[in-house]
Amino acid sequence: MAPETEFSFAALTAPARRHIRVFQIHQFLDRFAMGLTVSVVALALTDRGMDLFQMSLLFGVYSITTMAMELPFGGLADSIGRKPVFLTAVIASLISLALFLSTSDFHVLALSFAFIGFGRALRSGTLDAWFVESFRAAAPNVDVQPALAKAQWANAVGLAIGAVVGGVLPDVFGPVAERLGFSAYDVSYAASFGVMLGVFGYTVLAIVESPRPLNFTALRQGFASVPSVIRDASILALRHPALSILLAALAFFLMATNPVEVIWPTHAKPMLEEGYANTVIGFVTATYFFSIALGASLSALISRMFRRRHAMTLAATLACLAGVQIALAGQGGIIGFVAVFILYSVILGVSETPASSILHRCVEDRQRSTMLSLRSLIQQLGAAFGLVLAGALAEVYSTPVAWVVGAGFLLIAVVLTLVLARRLAAQGDS
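So, a few notes on the structure that sits alongside this text.

## Digging into the environment of Ala156
- Relative to the helices and strands, Ala156 is located in helix H7 (residues 145–179).
- The exposure class of Ala156 is buried, given its relative accessible area of 3%.
- Sequence separation of Ala156 and Leu294 is 138 residues, and the distance between their C-alpha atoms is 8.7 Å.
- With sequence-adjacent residues up to four places away left out, Ala156 is seen in contact with Phe289, Ile292 and Ala293.

## Topic: the pattern of salt bridges
- In the structure shown here, the tally under the stated rule is three salt bridges.
- Among the ionic pairs, Asp30 bridges to Arg31, the shortest N-O distance being 2.6 Å. Judged on exposure class, the residue Asp30 and its partner Arg31 are both buried.
- Here Arg123 makes a salt bridge to Asp30, at a shortest N to O gap of 3.0 Å. Remark: Asp30 occurs in helix H1 (residues 14–38) and Arg123 occurs in helix H5 (residues 106–123); sequence separation between them is 93 residues.
- Of the residues examined, Arg123 reaches a relative accessible area of 11% and is grouped as buried.
- Taken together, the shared-partner salt bridges in this structure form one network comprising Asp30, Arg31 and Arg123.

## Things to note about the packing of H1 against helix H8 (residues 186–206)
- Following both chains from N to C, one finds H1 and H8 inclined at 160°, their axes separated by 8 Å at the closest point. Looking at the two axes, H1 sits roughly antiparallel to H8. Of the two possible hands of crossing, H1 and H8 adopt the one that is left-handed. The segment H1 lies against H8, with Val22, Ile25, His26, Leu29, Asp30, Phe32, Ala33, Leu36 and Thr37 engaging Ser188, Tyr189, Ala191, Ser192, Val195, Met196, Val199, Tyr202, Thr203 and Ala206.
- Of the residues that constitute the contact of H1 with H8, the class distribution is 13 nonpolar, five polar and one charged.

Criteria and cut-off values
- Residues numbered from 1 in each chain as written.
- Predicted model: local features only at pLDDT ≥ 70, side-chain atom pairs only at ≥ 80, totals over all residues.
- Heavy atoms only, no water.
- Helix = DSSP H or I, 4+ residues; strand = E, 2+ residues; numbered from the N terminus.
- Buried < 20%, exposed > 50% of the residue type's maximum accessible area, 1.4 Å probe, protein only.
- Contact = heavy atoms within 4.5 Å.
- Salt bridge = Lys/Arg side-chain N within 4 Å of Asp/Glu carboxyl O.
- Axes fitted to C-alpha atoms, helices over the stretch in contact; angles between N-to-C directions.
- Parallel < 35°, antiparallel > 145°, perpendicular 65-115°, else oblique.
- Left-handed = near helix turned anticlockwise from the far one by under 90°.
- Nonpolar A, V, L, I, M, F, W, Y, C, P; charged D, E, K, R; others polar.

Following this line, the structure appears as structure tokens:
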């Protein structure tokens, strides 16, 4: 494998720089549309008469749909093209938003959440793979990790700004919506629908991909080839020691961090005065996304500190994350909690691109989307297991105890990543 040269945005060719900007704008718009509903989804469901058990069932529908369809549609993107699959994902998101806006019936809402999961499965491993392949064509042998970091930064900023705007819209325009017979939170969902239409148009116009046959015969052949693509990718993951170790480490990583990301509002809210607790939680949520964006922007600098040895960068990042997670569990006041939580979020942002860089270096283009989907599936399974375990521990003991146990999973991930670093060093890779 040819050695990579150090990334320099100014030194890139004009097509390579434009490629990065196009993808940054795309990621920002797509995540901004999603962020508009992130901060209000639970409130909107409560306003529609859903209790906590019904809400958990709805999120269960989303998770099951996503996991069931994750791999097949990653393989489909490899077979018939990334752009058409992503456009189908946007259509699924639009259907989901339309269904949500149209009803308060549990069964229809469940269908809406199924379409969210369907769209998530379609998105996974599509345009990320397109970006890496096109960037390498425009800038051969240039380290792709900093370019991925720029995209990750735009991704997180879009979510953060969307979450803030999605929380403000019901306060500003909610009374008007209620006078018209709608829910105050429908304003955020309607705004998301409008932005998602913009994402569809931008994808059609700005994302350029060599066309592949899209007649019915080609589409049928694309579906028919999915099992073999999945089989080949699974065999690759099992037979490629670096990929196997990386995927195992990422599973343990999500076992530890997902419970923190999901449970933290319930732990932090009792630290606050009731009158402004929800407002503070909303701002901390936005700060969480901004902090991830900051971490993503710092990842290239940190990677250079480790001489672009991505496995060593990842191991050091996960070790720091374990220590900060234990520190977070020990906070009893809101100021200390928020300060440590911001640091925790920054480190989360740093951790994303080293892992992605290793994966992209280990796979061929024809299996890239499927491997990204396989990674997502394994991470979701790890996250689900970690959340169930953390919930049980928090119920019997406390949330801090659950987080400290989760830090143990991070330490396991550190050990695996160090093994990965040794193996890659022996192969002469980074």
